[in-house]
Amino acid sequence: MTLAYQTEFIDLCVRLGVLKFGSFRLKSGRESPYFFNAGLFSTGAAVAALGRAYSDAIVSSDLAFDMLFGPAYKGIPLVTATAAALAQHHGLNLPFAFNRKESKDHGEGGIIVGNPLQGRVLIVDDVITAGTAIRESIDLIRASGAHPAGVLLALDRQERGSVSPLSAVQEVREQFGIAVIAVISLSDLMHHMRQAGRVAELASMQSYRDRYGLTE
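In this report, the structure presented in the accompanying data block is examined. (Residues numbered from 1 in each chain as written. Predicted model: local features only at pLDDT ≥ 70, side-chain atom pairs only at ≥ 80, totals over all residues. Heavy atoms only, no water.)

1. Some words on the overall build of the protein chain
Alright, step 1. Along the backbone of the protein chain there are seven helices and eight strands.
Alright, step 2. Its C-alpha atoms give the protein chain principal-axis dimensions of roughly 55 × 40 × 30 Å.
Alright, step 3. Buried residues in the protein chain amount to 45% of all 216 residues.
Alright, step 4. Of note, the protein chain has its 20 positive side-chain charges centred 4 Å away from the centre of its 21 negative side-chain charges. (Helix = DSSP H or I, 4+ residues; strand = E, 2+ residues; numbered from the N terminus. Buried < 20%, exposed > 50% of the residue type's maximum accessible area, 1.4 Å probe, protein only. Lys, Arg positive; Asp, Glu negative; His and termini not counted. Charge placed at Lys NZ, Arg CZ, Asp CG, Glu CD.)

Shown next as C-alpha cells:
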C-alpha cells in the first residue's frame, strides 16, 4: 500500500519525465525497464513539490535528528527544498548545510556552507548507487564532531549490487548502522503501477526484479 504523498510523488515524477519507462542501460551495465532522473526537477514548482515529498517522508519516518545536510552537488537544492518544506508544511524550522567540492581559502573559508554541522545530521540525496557520496558525507559529519542520523532518498531501487547480495542502501545501513529513508521504493512503484493497471510496465519491472532484486 502506498501512502498519499508517495502516490502524489510518483504521479509528479511521471508527469515531469523524472520517471520514465522503457529500456535503459545503467552504469552497472544492466538493462532497466525504468529510469529515474532527479535532475529534471528543474522548475520552481517542481522543486517545491519535491521538497514537500521529502518532508512528508521525514515526518512519516519519525526519525530523530537535529539538522539537514546536502552533499554537493545534487544534494544542495534537495536539502534546501526539504528544509523549506519542513518549515512551511510541518512547522519544523531546522538548520541545514551543504559542502563545497573544494575548500574556500578566503571570506568565511572552509568547506561547509550554512549551519555548522552539529548534533544528529540527516543526509539528503536523490539515490544511492555506489554510495560514495554518502560515505564522504558521513566522514565529513563525523570529522566535524557531529553524528550521522540517517539518509533521505527519493528512490530505493531495492536491487543487489554487481558483486554483493546487498543493495547499496543495505550496505550503508549495515556499514554505518544508520537509517535510510526513501520517499518511494521499487515495491511502492510496482504497487502503484498495479493499481493503475499498467500491466506491461509492471511485467517488465517484475522480470527485472526477479533477476536483480533483493532476496528475502
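Back to the text.
2. So, the packing of aromatic side chains
Alright, step 1. Taken as a whole, this structure holds three aromatic pairs when the rule is applied.
Alright, step 2. Plain terms: the ring middles of Phe-9 and Phe-41 are 6.1 Å apart, the flat faces sit at 15° to each other, and that makes the pair stacked. Here Phe-9, found in helix 1 (residues 4–16), pairs with Phe-41, found in the loop between strand 2 (31–36) and helix 2 (44–61); they are 32 residues apart in sequence, far enough to count as distant. Here the two residues Phe-9 and Phe-41 agree in accessibility, since each one is buried. (Phe/Tyr/Trp six-rings, centres within 6.5 Å; stacked < 30°, edge-to-face > 60°.)

3. Concerning the packing of helix 1 against helix 6 (residues 186–195)
Alright, step 1. At a closest axis distance of 11 Å, the pairing of helix 1 and helix 6 adopts a crossing angle of 80°. With respect to each other, helix 1 and helix 6 are oriented roughly perpendicular. In contact with Gln-6, Thr-7, Ile-10 and Asp-11 of helix 1, helix 6 contributes Asp-188, Leu-189 and His-192.
Alright, step 2. Of the residues that constitute the contact of helix 1 with helix 6, the class distribution is two nonpolar, three polar and two charged. (Axes fitted to C-alpha atoms, helices over the stretch in contact; angles between N-to-C directions. Parallel < 35°, antiparallel > 145°, perpendicular 65-115°, else oblique. Contact = heavy atoms within 4.5 Å. Nonpolar A, V, L, I, M, F, W, Y, C, P; charged D, E, K, R; others polar.)

4. Looking at the pairing of strand 1 (residues 19–25)
Alright, step 1. Note that strand 1 and strand 2 share five bridges and pair antiparallel. What sits directly across from Leu-19, in strand 2, is Phe-36.
Alright, step 2. Taking the residues that link successive antiparallel strands as the turn, the strand 1-strand 2 hairpin has five residues, and the phi of Gly-29 there is positive, at about 95°. (Pairing = 2+ DSSP bridges.)

5. Concerning the packing of helix 4 (residues 132–143) against helix 5 (residues 168–176)
Alright, step 1. In contact at an axis separation of 11 Å, helix 4 and helix 5 are set at 25° when each is read in the N-to-C sense. By the angle between their axes, helix 4 is roughly parallel relative to helix 5. Here the hand of the crossing between helix 4 and helix 5 comes out right-handed. Contact residues: Ile-134, Arg-135, Ile-138 and Arg-142 in helix 4; Glu-171, Val-172, Gln-175 and Phe-176 in helix 5.
Alright, step 2. Residue composition of the contact of helix 4 with helix 5, by class: four nonpolar, one polar and three charged. (Left-handed = near helix turned anticlockwise from the far one by under 90°.)

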